[in-house]
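Residue strings, one per chain:
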Amino acid sequence: PIMQHCRNVGVIPNYTLSGADLTDEIAEATGWLAGAVAVSYHGDWGLCRSTVERMSKAGVKQVNIHAVTTDKETLTELIHQIKMAQERPDFKLNALVFLSLKPKGRAAKMHNISDEDLKEVVNLARVLDIPLGFDSCSAYRALQIYGKAYEQYIEPCESSLFSAFCDVYGMFHPCSFAEGEAEFPNGIYIPGQENFRRDV
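A brief structural summary.

Cut-offs and rules
Counting restarts for each chain: residues are numbered from 1 in the order of the written sequence. Local features in this predicted model are restricted to residues whose pLDDT is 70 or higher, and side-chain atom pairs enter the listing and the counts only when it is 80 or higher, whereas totals over whole chains, interfaces and linings include all residues. Calculation of side-chain values draws on the structure's entire complement of heavy atoms; hydrogens and water are dropped beforehand. What counts as a salt bridge is simple: a side-chain nitrogen of Lys or Arg found within 4 Å of a carboxyl oxygen of Asp or Glu. For helices the rule is a DSSP run of H or I covering at least 4 residues; for strands it is a run of E covering at least 2, with both sets numbered from the N terminus onward. Burial classes: relative accessible area under 20% of the type maximum marks a residue as buried, over 50% as exposed, and values in between as partly exposed (1.4 Å probe, protein chains only). The rule for pairing is simple: two strands pair if DSSP sees at least two bridges between them. Handedness of a crossover: with both strands directed away from the viewer, a clockwise path from the first strand across the helix to the second marks it as right-handed.

## Let's talk about the pattern of salt bridges
Okay, step 1: Applying the stated criterion to the full structure yields nine salt bridges.
Okay, step 2: Ionic pairing is found between Asp115 and Arg141, a salt bridge with its closest N-O pair at 2.8 Å. With Asp115 in helix 5 (residues 115-127) and Arg141 in helix 6 (residues 139-146), the pair connects residues that are 26 residues apart, well separated along the chain.
Okay, step 3: Classification of Asp115 by relative accessible area gives partly exposed; the value is 38%.
Okay, step 4: Bridged by salt links that share partners, the residues Arg49, Glu53 and Arg88 form one connected network.

Dropping the structure here:
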């Protein structure tokens, strides 16, 4: 319903999924409601590939794969799998998007791969002609790899400028990093809607 509402008011919604609980009904609805879909890669290549294919068949115009940059071997294997999958007629990938790890919550003790390892992974993708993208948190690393010639295409953090993060409770934050921090302890909520606050 929220995606339908977005369409009704002229906003094109996008969302991210793993594909684990994707039904035919959801895939079909996504085809005409979403502008783009990101498939999160969690180590299960078969699930990831089939989700990309199902979304492509459903008519989603832009399907990406999102991968967090925490393990060089995993990313290298993913790139090779994508290269082979590109030969499949139903595998229509817009881009592989690298996400910088946000060390919060369950990921507080995890780390991103080194700049050198990321450069190797990016160069491999470029050699194999895999289209790449990066999240805003990776902008400074992408700039190091691509250099000044690509600076105009690399967008740094836009938190609080023209992006927002809403958690599953509908709480607004300028960025997911701000969730639970002192500056935004309760996000922004509508008076009278306190039942949506997680501390009530």
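## Topic: the pairing of strand 4 (residues 95-99)
Okay, step 1: Of all five residues in strand 4, five are buried; the element is thus mostly enclosed.
Okay, step 2: Burial along strand 4 is two-sided: the face carrying Ala95, Val97 and Leu99 and the face carrying Leu96 and Phe98 are both buried.
Okay, step 3: The pairing of strand 3 (residues 62-68) with strand 4 spans five bridges and is parallel. If you follow His66 over to strand 4, its bridge partner there is Val97.
Okay, step 4: Note that the unit made of strand 3, helix 4 (residues 72-85) and strand 4 has a crossover that is right-handed.

## Side note on unusual backbone geometry
Okay, step 1: Phi is positive for Asp129, close to 60 degrees, though the residue is something other than glycine.
Okay, step 2: For Asp129, the position within the fold is in the loop between helix 5 and strand 5 (132-134).

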